[in-house]
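Geometric and topological summary
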Amino acid sequence: MSKPILWMVIPCYNEEMVLPITAPMFRQELADLISEGKISEQSRICFVNDGSKDDTWQIITELSKQDEHFIGISQSRNRGHQNAVLAGLMEAKDQCDITISIDCDGQDDIHAMHAMVDAYLDGCEVVYGVRARRTTDTFFKRFTAEGFYHLMNWMGADIVFNHADYRLISSRVLDHFADYKEVNIFLRGMVPLVGFKSTSVYYDRAERIAGESHYPLKKMLALAFDGITSLSVKPIRLIAGLGLVISVLSFIGVIWAIIQAFAGYVVAGWTSTVCIVCFMGGIQLLCLGVIGEYIGKIYMETKARPRYIISERTWAPYEREYKG
Ligand code: UDP
Ligand code: MG
């Protein structure tokens, strides 16, 4: 069997400080994997320039001139980390057998690629890189980042805990992933939806080698919000549930107000006012929840996600030769 071709997909946004340091590290890892006979000599390191405003693209073109193993693509403008990774993966999928996406700042242990490729050779098609410890992150970053995963899971977006966008995906899985046509993408929530055999590889997260994080709390919250709303309709369910609770409470409120009226403790008009307020409040929220359910359904339908994906067959489909 010929060796698999690996493409590393590396998003870069304003990383002129980092790239000259980490590019040789990626190159070394690729060379090691090739010399150990795990991957093909045709393997490549693909940088995705995400509309950087500094010299990142110049550095990438320089690298590609010096060494054919480095290649680069550039997005017409800054579209954000998730889109940059997606662009790279889609570029790669028809050229290689496996992809590994990783940030370019050296925070994720590059050597974990060895374990990822081993897992692929053992038959896994998706391998998640998971941060075992976050000792180098500040308490605040750790607290907010871990809170992010708990919030996501609670809101119905199943994601692998402490796994960011460092993962191996086979081209076969990417072919199916390409059928997920949605525009709002949250890769770490979507990749598990495709299925296929997967496993995790653990590593320690290091500090950024140079430059600054592009993910301050504000962007992280935006990512969490995007992730929840694009993967789950649970917030709508919560509204419907709240509507139900308020309706029950209102019903009790109405009975209570009537009892009060009969007991004669109240001024004229109070009972009817309370009854109307309770009734309207409960009904309105409940109706909003019901309408929301339908909107949730429409939302999921508009994504036009594949309804099934076949991973194995005991027979080979007939391939028509005539394609006229
Ligand atoms: N990145 C990108 N586009 C953006 C922001 C970030 O391609 O708009 C890249 C960035 O170059 C890096 C990766 O995404 O390779 C992760 O960003 P960063 O290290 O700033 O995030 P953190 O690790 O702090 O969460
Ligand atoms: Mg980083």
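Every value quoted in this text rests on a predicted model; they were computed, and no experiment measured them. (Residues numbered from 1 in each chain as written. Chains lettered and ligands numbered in written order. Predicted model: local features only at pLDDT ≥ 70, side-chain atom pairs only at ≥ 80, totals over all residues. Heavy atoms only, no water.)

**Some words on the overall build of the protein**
As a reminder, the rule being used: Think of it this way: any DSSP run of H or I at least four residues long counts as a helix, any run of E at least two long counts as a strand, and we number them from the N terminus. Note on method: radius of gyration uses C-alpha positions; expected globular size equals 2.2 Å times residues raised to 0.38. The rule is simple: take the accessible area with a 1.4 Å probe, protein chains only, and divide by the maximum for that residue type; under 20% is buried, over 50% is exposed, in between is partly exposed. Residues count as neighbours in contact if any of their non-hydrogen atoms are within 4.5 Å of one another. Here the open area of atoms and residues is found with the Shrake-Rupley method and a 1.4 Å probe, where only the protein chains shown may cover a residue. Asp and Glu count as negative and Lys and Arg as positive, but His and the ends of the chain are not part of the count. The atom standing in for a charge is NZ when the residue is Lys, CZ when it is Arg, CG when it is Asp and CD when it is Glu.
Secondary structure assignment for the protein yields 10 helices and 7 strands. Expected size for 324 residues packed as a compact globule is a radius of gyration near 20 Å; at 26 Å, the protein overshoots this value by more than 25%. Reported as C-alpha extents along the three principal axes, the dimensions of the protein are approximately 90 × 55 × 35 Å. Across the 324 residues that make up the protein, the buried fraction comes to 43%. By sequence separation, contacts in the protein at least 24 residues apart represent 80% of the contacts at least 6 residues apart. Of the accessible surface of the protein, which amounts to about 17900 Å², a share of 61% is contributed by carbon and sulfur atoms. If the 32 positive side-chain charges of the protein are averaged to one point and the 38 negative ones to another, these points end up 7 Å apart.

**As for the coordination of the magnesium ion (ligand 2)**
Applied cut-off: Metal donors: N, O and S atoms at distances within 2.8 Å, or within 3.2 Å for Na, K and Ca, with water omitted from the atom set so that some sites may seem incomplete.
At 1.9 to 2.0 Å from the magnesium ion (ligand 2) lie its protein donor atoms, namely Asp105 (OD) and Gln107 (OE1). The pair formed by Asp105 and Gln107 is uniform in burial state, with each residue classed as buried.

**Quick look at the environment of His176**
For His176, the location among the structural elements is in helix 6 (residues 171-177). Sequence separation of His176 and Gly195 is 19 residues, and the distance between their C-alpha atoms is 9.7 Å. If near-sequence neighbours (up to four positions away) are discounted, His176 is found in contact with Val194, Phe196, Ile309 and Ile310.

**With respect to the pattern of salt bridges**
Quick note on the threshold: A pairing counts as a salt bridge when a side-chain nitrogen of Lys or Arg comes within 4 Å of a carboxyl oxygen of Asp or Glu.
Applying the stated rule across the entire model yields 14 salt bridges. As a salt-bridge pair, Asp108 and Arg131 come within 3.9 Å of each other at their nearest N and O atoms. Pair noted here: Asp108 is in the loop between strand 4 (98-101) and helix 4 (112-121) and Arg131 is in strand 5 (residues 126-133), with a separation of 23 residues, a long-range link. Overall, the relative accessible area of 3% leaves Asp108 in the buried class. We note a salt bridge from Arg188 to Asp165, for which the minimum N-O separation is 3.6 Å. Of this pair, Arg188 sits in helix 7 (residues 187-194) while Asp165 sits in strand 6 (residues 163-170); the two residues are 23 residues apart in sequence, bridging distant segments of the chain. Bridged by salt links that share partners, the residues Glu36, Lys38 and Asp118 form one connected network.

**Comments concerning the sheet that holds strand 6**
Within a sheet, each strand pairs with its neighbour through backbone hydrogen bonds, oriented either parallel or antiparallel. Note the following rule: Strands pair, by our definition, only if DSSP identifies at least two bridges between them. Only the stretch in contact is used when fitting a helix axis, every axis being a line fitted to C-alpha atoms; angles between N-to-C directions are given from 0 to 180 degrees.
Pairing in this open sheet of 7 strands is mixed, and the strands run 3-2-1-4-6-5-7 from one edge to the other. Two strands lie at the open edges of the sheet, namely strand 3 (70-74) and strand 7 (198-204), each paired on one side alone. The average undirected angle you get between the axes of adjacent strands in this sheet is 25°. Here strand 5 pairs with strand 6 via 4 bridges, running antiparallel. The residue bridging Val126 from the neighbouring strand is Ile169, located in strand 6. Strands strand 1 (6-12), strand 2 (44-49) and strand 3 of the sheet are contacted by helix 2 (residues 56-66), whose axis makes an angle of about 145° with strand 3. Seen against the sheet, helix 4 touches strand 1, strand 4, strand 5, strand 6 and strand 7 and runs at an angle of roughly 40° to strand 6.

**Structural notes on the site of ligand 1**
Where we set the bar: Being near a molecule or strand, for a residue, means having at least one of its heavy atoms within 4 Å of it. Counting of polar contacts relies on pairs of N or O atoms within 3.5 Å, with two restrictions inside protein: one atom must be capable of donating a hydrogen and the other of accepting it, and residues adjacent in sequence are counted only when both atoms are side-chain atoms. In this classification, Asp, Glu, Lys and Arg are treated as charged, Ala, Val, Leu, Ile, Met, Phe, Trp, Tyr, Cys and Pro as nonpolar, and every other residue, Gly included, as polar.
As a structural note, the neighbourhood of ligand 1 is formed by 19 residues, with Glu15, Asp50, Asp105, Ser213 and His214 the closest of them. One of the backbone nitrogen or oxygen atoms of Tyr13 is found 2.9 Å away from an oxygen atom of ligand 1. The side chain of Asn78 places a nitrogen or oxygen atom 3.2 Å from an oxygen atom of ligand 1. Protein contact buries 95% of the 540 Å² of open area that ligand 1 shows by itself. When residues of the shell around ligand 1 are traced back to their parent elements, those giving at least two are strand 1 and helix 3 (81-92). Residues of the shell around ligand 1, tallied by class, amount to 6 nonpolar, 6 polar and 7 charged.

**Some thoughts on the environment of Ser232**
Counting through the fold element by element, Ser232 comes out in the loop between helix 8 (217-231) and helix 9 (234-263). According to the relative accessible area criterion, Ser232 is buried, its value standing at 8%. Spatially, the C-alpha atom of Ser232 lies 32 Å from that of Ala115, the residues being 117 residues apart in sequence. For Ser232, the residues in contact, after removing those within four places along its chain, are Met155, Gly156, Ala157 and Met300. Looking at Ser232, its side chain comes within polar contact range of the main-chain oxygen of Met155, at 2.6 Å.

**Notes on the side chain of Glu182**
Considering the arrangement of structural elements, one finds Glu182 in the loop between helix 6 and helix 7. Look at Glu182 and you get buried, because its relative accessible area is 11%. Of note is the side chain of Glu182, whose polar atom sits 2.8 Å from the side chain of Arg305. Non-local contacts of Glu182, meaning those with residues more than four positions away in its chain, are made with Met190, Ser230, Lys303 and Arg305.

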